[in-house]
Amino acid sequence: MNEPFELRFDPIKKDYLYLHRTTTYNLGTFYHRHEAYELYLFLRGNVNFYIENSCYHLKPGDLIVIHPEEMHRSFSLDESEYERITINLQKSYLHRLSTPATHLSECFDYRPKGKGNIVHLNETRLKQFLQLAGGLEEVLVSDAYGSDILANSYIAQLLVLANSVFQNASFTSTDIMPELVRKTMEYIESHLSKNISLNRLAAEFYLNSTYISRQFKKHTGLTLRSYILDRRIALAKSYLCEGLSITEACYQSGFSDYANFIRSFTKIAGISPGKFVKQIRSAADK
């Protein structure tokens, strides 16, 4: 089976990407990441949202923040209209909007990976968010003088609102991820440098390997093999960022074949390991 590796890390080519979408029976995507932060507001539908090893059934007004390294997916459960607003923001752009006193990336960065991603906006906050989003929508289709500056202003205000809500949040959403899927993810994460097979998982959980595989695919949209490969590439990237050589990153992240590592890294990350290292060094020199 040929799986679309290149789509697992969606590239965002602009400083920001704003989308207000309504779809019917949108099954959603498999687990994926963006190379940018994501601000997501759920407005209506019957949708489960997955982030890392958690799953939430969304309610209108739920606001989600997603870091570039956090895998996620949405899944519509029926034919209800699914309406949401998403704003993807490049790190460099968001940092330019920030000031020494106001770090607009706080709600994305300063929390454990895959935790604290969701809050619920009350009626007043939801109205504020929609007013700002409506203003942003208007200026994005305008070529009037100053429309670009106004767009930046609306985005900055949305980010201030989001950060303020998360800083004062006491909301806890119920995690409905099936225990088997969560435990499978946890096992994979703690054994990435070792050989992981369906037979090993079946022995670990005392369950049929086919059942494990089907349940995992049902909730993530990915096969186990594909998911493991993605997590190993993510681990390799972290090793490269720490200064390990490409060869060291290859074998310490669980790959036994160097050529396969180079090929898989390039497909999933959208860039070769060598170019990735050059980017890291270039950013460090600035």
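Residues numbered from 1 in each chain as written. Predicted model: local features only at pLDDT ≥ 70, side-chain atom pairs only at ≥ 80, totals over all residues. Heavy atoms only, no water.

### Examining unusual backbone geometry
Okay, so step 1: Unlike most non-glycine residues, glutamate 52 shows phi in positive territory, near 50 degrees.
Okay, so step 2: One can find glutamate 52 in the loop between strand 5 (47–51) and strand 6 (54–57).
Okay, so step 3: Classification of glutamate 52 by relative accessible area gives buried; the value is 8%.
Okay, so step 4: Backbone geometry places tyrosine 206, a non-glycine residue, at a positive phi of 55 degrees.
Okay, so step 5: Of note, tyrosine 206 is situated in the loop between helix 6 (198–205) and helix 7 (209–220).
Okay, so step 6: For tyrosine 206, a relative accessible area of 74% corresponds to the exposed category. (Helix = DSSP H or I, 4+ residues; strand = E, 2+ residues; numbered from the N terminus. Buried < 20%, exposed > 50% of the residue type's maximum accessible area, 1.4 Å probe, protein only.)

### Re the packing of helix 8 (residues 224–241) against helix 10 (residues 258–269)
Okay, so step 1: As a packed pair, helix 8 and helix 10 sit with axes 10 Å apart at the nearest point and diverge in direction by 95 degrees. Overall, the two elements helix 8 and helix 10 adopt an arrangement that is roughly perpendicular. Contacts from Leu229, Asp230, Ile233, Ala236, Lys237 and Leu240 of helix 8 reach helix 10 at Phe261, Ser264, Phe265 and Ile268.
Okay, so step 2: Looking at the contact of helix 8 with helix 10 residue by residue, the classes come out as seven nonpolar, one polar and two charged. (Axes fitted to C-alpha atoms, helices over the stretch in contact; angles between N-to-C directions. Parallel < 35°, antiparallel > 145°, perpendicular 65-115°, else oblique. Contact = heavy atoms within 4.5 Å. Nonpolar A, V, L, I, M, F, W, Y, C, P; charged D, E, K, R; others polar.)

### Quick notes on the sheet that holds strand 8 (residues 72–76)
Okay, so step 1: Taken in spatial order, the three strands line up as 6-5-8 in an open sheet, and their pairing is antiparallel. Only two strands of the sheet have a single neighbouring strand rather than two, namely strand 6 and strand 8. Here the strands of the sheet are splayed against their neighbours by 20 degrees on average, with no regard to which way each runs. (Pairing = 2+ DSSP bridges.)

### Description of the sheet that holds strand 2 (residues 16–24)
Okay, so step 1: As summarised here, the arrangement of the five strands in space is 2-9-4-7-10, forming an open sheet in which the pairing is antiparallel. On the outer flanks of this sheet lie strand 2 and strand 10 (118–120), each paired with one strand and no other. Mean inter-strand twist for the sheet, computed between neighbouring axes without regard to direction, equals 15 degrees.
Okay, so step 2: Judged from the four bridges that link them, strand 4 (residues 37–44) and strand 7 (residues 62–66) form a sheet pairing that is antiparallel. When the sheet's bridge partners are listed, leucine 41 is paired in strand 7 with leucine 63.

### Some remarks on the pattern of salt bridges
Okay, so step 1: Under the definition given, this model contains nine salt bridges.
Okay, so step 2: We note a salt bridge from aspartate 230 to arginine 33, for which the minimum N-O separation is 2.8 Å. Taken together, the positions of aspartate 230 in helix 8 and arginine 33 in strand 3 (residues 33–34) put the pair 197 residues apart, joining distant regions of the chain. Across this residue pair, the class does not change: aspartate 230 and arginine 33 are buried.
Okay, so step 3: Residue glutamate 189 is joined to arginine 231 by a salt bridge in which the shortest nitrogen-to-oxygen separation is 3.1 Å. Here arginine 231 lies in helix 8 and glutamate 189 lies in helix 5 (residues 179–190), a separation of 42 residues in the sequence.
Okay, so step 4: Under the relative-accessibility criterion, glutamate 189 is labelled partly exposed at 40%.
Okay, so step 5: Each of Arg44, Glu81 and Glu83 takes part in one network of salt bridges that share partners. (Salt bridge = Lys/Arg side-chain N within 4 Å of Asp/Glu carboxyl O.)

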